[in-house]
Amino acid sequence: MIIVDQERCKGCSICTKFCPKNVIGHSGVFNKAGYDYVEPQNEDCISCGICSQVCPEGAITVKKEDKVVYSRPQVLTDSAFTYCPGCSHGVINRIIGEIIDEMGLAEETIGVTPIGCSIFIYKNFKVDYVEGAHGRAPAVATGIKRVYPDKFVFTYQGDGDIGAIGLGEAMYAAIRDENFTIVFVNNGNYGMTGGQVAPTTLLGTVTTTTPKGKTVHEGYPVRICETFATVGSDNAYIARGAVDTPANIRKTKQYIKKAFQHQLDKKGFSMVEVLGACPTNWKLDPVKALDKITDTVIPYFPLGEIKVGKEA
Amino acid sequence: MKYTKLLKGNHALAEGGIAAGCRYFFGYPITPQSEFLEHMAEIMPEANGEFVQAESEVAAINMVIGAASCGAKVMTGTSGPGFDLFHEGIGNLHAHDFPVVIVDIMRGGPGNGSLHPSQQDYDVCIKSRGDMKNIVLAPWNHQDMYDLPNLAFELAFKYRNPVVIMADNVIGQSYGNVVMDDEFKPTEFDTSSWAMSGAKGRERHLSIAHFPDPNVANEMQHYKQGKYAEMAKNEQRSESYYCDDDPEVVVVAYGIMARNSYAAVKALREQGYKVGLFRPVTLFPYPMDALNEATKNAKHVLVAEMSAGQMCADIKGRGFDKDVVLKPGFCPSSVPGTGEIEAWIKELL
């Protein structure tokens, strides 16, 4: 059975797309924030947990008999995520939270925020957090890691942050083989500032600064992982996942977990890119935005482990 | 044990930093501060510290932010063009209230500028966007280059504020005698209430650098201005020379201009002229009380600085009500010599 936190739910419908038994549907009732939250519509739930895995709000607890199968990670704060409905940041925050719980890292973690929508991660985790300037999180993390080589340090960045203004700081973290982890979300635009063209925006895409579609004059879409894989240590860990399907979410979680372990084992630089959706600026409903990742984004940004050294 | 060593000014800074307990340095090469960076690279590992030559000044100052966020004693250094790039990070240091010590060995501006001596970084070293102020210390000899890093850390941690040691390339790149003390024990500061270390057995420490809540933003601005008022009350530092007998002319100068002015004033005193020198050590907070005292009966006040009057405008802006003569009135490409300064003073006598 599932229990929906009605006040957290933003009615994005992603759970309804993936529920294999068509258990979940909209309630037709609006919560305090004004969203038509979802609820179980029948007794067919098999407690598979998929709805909870794809939920960007961490709003669904799944139980099998009396046992909790999936629930909100302990390391997350109680405050609701402030991302737009259907934004992939929520899912990615949640899986990072699950990993921190599973690996017991909460008391050892120092996180560094970027600027952009990804900054809001600091609100969501009960761990020490420092805010960096736009693009500079890897430099800040370098300073922290030099003071505390045994603490767990990670940055969480967006594609504009890491691929444009902060390309130098991020790439030099890889070149110096800094022993921290970068998780960055590629949703192909500058979300917070209103959907401008980003280094990872696919050619032809209409954005607020490419009203006729992105051309090569704005730059070819940058494959950050492949680029970073050509520099630094041969033993770095670099992978790209996506959150368009439950299977890809599970794989992405494995990649991030491996990256975190890579750091804990003091093996040097690790980075995971996550392809996510920005339904608001893509001007698509959350479910169609995930389809766009599957159909359009993944073919250009292939998923998988891009650099796994012999010792990684 | 105390001993004397002949040191390049930039090397004395590094030695002074290590003596003050600095164990983290992040920097980028730029003339005329590179010997500071190089000497840190040499002596930091011997002190079991971390030295990183960053990929840019932007990266360096942000690495400094990371180390400072952990409560570590951290330094960086640059010259004018690099200081321009530091400003983003310095703004964030103010937003975070992190203590750091930054060195600026000045060169001429604008742009990539010149390698000539200069005192043109006065305003940019003091001011940071958002009405923020750095504490600024102005060394005038090699002993200062060794001693001021410790004072800088004391002030940085006391006020949780960036401190800039602003020197010119003449002092940075020349040699002088420095008395060192290998038994000196610097202060260890308790940073446990705010520094990052992992939220073990305590609530998490969160340091953000933006202020979306209008009430928080207002509180922060009041807190900052209150802090600067406290600094002005407690931390004004200066030296006055030949100012006890109401000299007719008082020269106001810092750094290399203070050194040459001292020689000029001394020479004129030996010729029987009643002239004095006032030398600010803290450029922010500016030692206005001592300036007013040193110049209270002076007929003329001569500000000798290698800029188009940045310090002069600063003291005027702080309510200094005597007429001031500014010399040379611009930044010449070489330091005005003692004879030149004597001539400026004699014009007023």
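Since the model is a prediction, treat every value here as computed from it, not as a measurement.

Let us look at the interface of chain B and chain A. Contacts between chain B and chain A engage 36 residues on the former and 32 residues on the latter. Surface buried jointly by chain B and chain A totals about 2,600 Å² across both partners, of which 57% is contributed by carbon and sulfur atoms. For the interface between chain B and chain A, the tally reads 5 salt bridges. Its salt-bridge partner being E55(B), residue R176(A) comes within 2.9 Å of it at the nearest N-O pair. Inspection of the region where chain B meets chain A yields 18 residue pairs in polar contact (both at pLDDT 80 or more). At the level of secondary structure, the elements contributing two or more residues to the side of chain B that touches chain A comprise strand 2 (24-27), strand 3 (50-53), helix 3 (57-69), helix 4 (80-96) and strand 11 (206-207) of chain B. Element by element, the count of residues in the side of chain B that touches chain A is highest for helix 3 of chain B, at 8 residues. When its residues are assigned to classes, the side of chain B that touches chain A shows 18 nonpolar, 12 polar and 6 charged. In this sheet, strand 11 of chain B lies alongside strand 7 (residues 128-131) of chain A in parallel orientation, the contact comprising 2 bridges. Bridge assignment links V130(A) to a residue of strand 11 of chain B, and that residue is S207(B).

Here the structure, examined in full by the defined rule, presents 0 disulfides over all chains. C70(B) takes part in no disulfide bond, and the closest cysteine sulfur to it belongs to C22(B), at a distance of 14 Å.

Residue and element names in this part refer to chain B. Strand order in the open sheet made by the 5 strands is 12-14-13-16-17, with mixed pairing throughout. The outermost strands of the open sheet, each flanked by one partner alone, are strand 12 (238-241) and strand 17 (324-327). The average undirected angle you get between the axes of adjacent strands in this sheet is 20°. Relative to strand 17, strand 16 (residues 300-304) is paired through 4 bridges, and the arrangement is parallel. Directly across from V303, in strand 17, lies its bridge partner L326.

Of note, V274(A) is situated in strand 13 (residues 270-275). Taking the C-alpha atoms as reference points, V274(A) and I92(A), separated by 182 residues in sequence, lie 8.0 Å from one another.

Bringing the nonpolar core into the picture now. The biggest cluster of nonpolar side chains holds 119 residues, and the ones touching the most others in it are M271(A), L283(B) and Y286(B). Here the element with the most residues in this core is helix 6 (residues 142-159) of chain B; it accounts for 10 residues. Beyond its immediate stretch of four places on either side in the chain, L283(B) contacts Y122(B), I126(B), V136(B), A138(B), M166(B), Y254(B), M311(B) and D314(B). By size, the runner-up hydrophobic cluster in this structure holds 67 residues, among which are I14(A), I95(A), L275(A) and I293(A).

Turning to the sheet that holds strand 4 (residues 60-64) of chain A, a few remarks are in order. Residues and elements named next belong to chain A. Read from one edge to the other, the open sheet built from 3 strands follows the order 1-4-5, with strand pairing classed as antiparallel. With partners counted over all chains shown, the strands left at the sheet margins are strand 1 (2-4) and strand 5 (67-70), one partner each. The sheet shows a mean angle of 35° between the axes of neighbouring strands, direction not considered. Here strand 4 runs beside strand 5; their pairing, made up of 3 bridges, is antiparallel. Across the sheet, residue K63 finds its bridge partner in strand 5, namely V68.

This part takes up the packing of aromatic side chains. Residue and element names in this part refer to chain A. In the structure shown here, the tally under the stated rule is 19 aromatic pairs over all chains. The interplanar angle of 75° and the centroid separation of 6.4 Å between the aromatic rings of Y129 and F154 together place this pair among those described as edge-to-face. Residue Y129 is found in strand 7, and its partner F154 is found in strand 8 (residues 152-158); the two are separated by 25 residues along the sequence. Judged by relative accessible area, Y129 falls into the buried class, the value being 0%. Overall, F154 belongs to the buried group, its relative accessible area being 0%. Taken together, the aromatic side chains of Y129, F152, F154 and F260 make up a single cluster linked through ring pairs. One cation-aromatic arrangement involves R223 over Y300; the distance from NZ or CZ to the ring centre is 3.8 Å.

About the thresholds
- Residues numbered from 1 in each chain as written.
- Chains lettered and ligands numbered in written order.
- Predicted model: local features only at pLDDT ≥ 70, side-chain atom pairs only at ≥ 80, totals over all residues.
- Heavy atoms only, no water.
- Contact = heavy atoms within 4.5 Å.
- Buried area = accessible area lost by both parts, 1.4 Å probe.
- Salt bridge = Lys/Arg side-chain N within 4 Å of Asp/Glu carboxyl O.
- Polar contact = N/O pair within 3.5 Å; in protein donor to acceptor, adjacent residues only side chain to side chain.
- Helix = DSSP H or I, 4+ residues; strand = E, 2+ residues; numbered from the N terminus.
- Nonpolar A, V, L, I, M, F, W, Y, C, P; charged D, E, K, R; others polar.
- Pairing = 2+ DSSP bridges.
- Disulfide = S-S within 2.5 Å.
- Axes fitted to C-alpha atoms, helices over the stretch in contact; angles between N-to-C directions.
- Core = buried A, V, L, I, M, F, W, Y, C linked by side-chain atoms within 4.5 Å.
- Buried < 20%, exposed > 50% of the residue type's maximum accessible area, 1.4 Å probe, protein only.
- Phe/Tyr/Trp six-rings, centres within 6.5 Å; stacked < 30°, edge-to-face > 60°.
- Lys NZ or Arg CZ within 6 Å of the ring centre and 35° of its normal.

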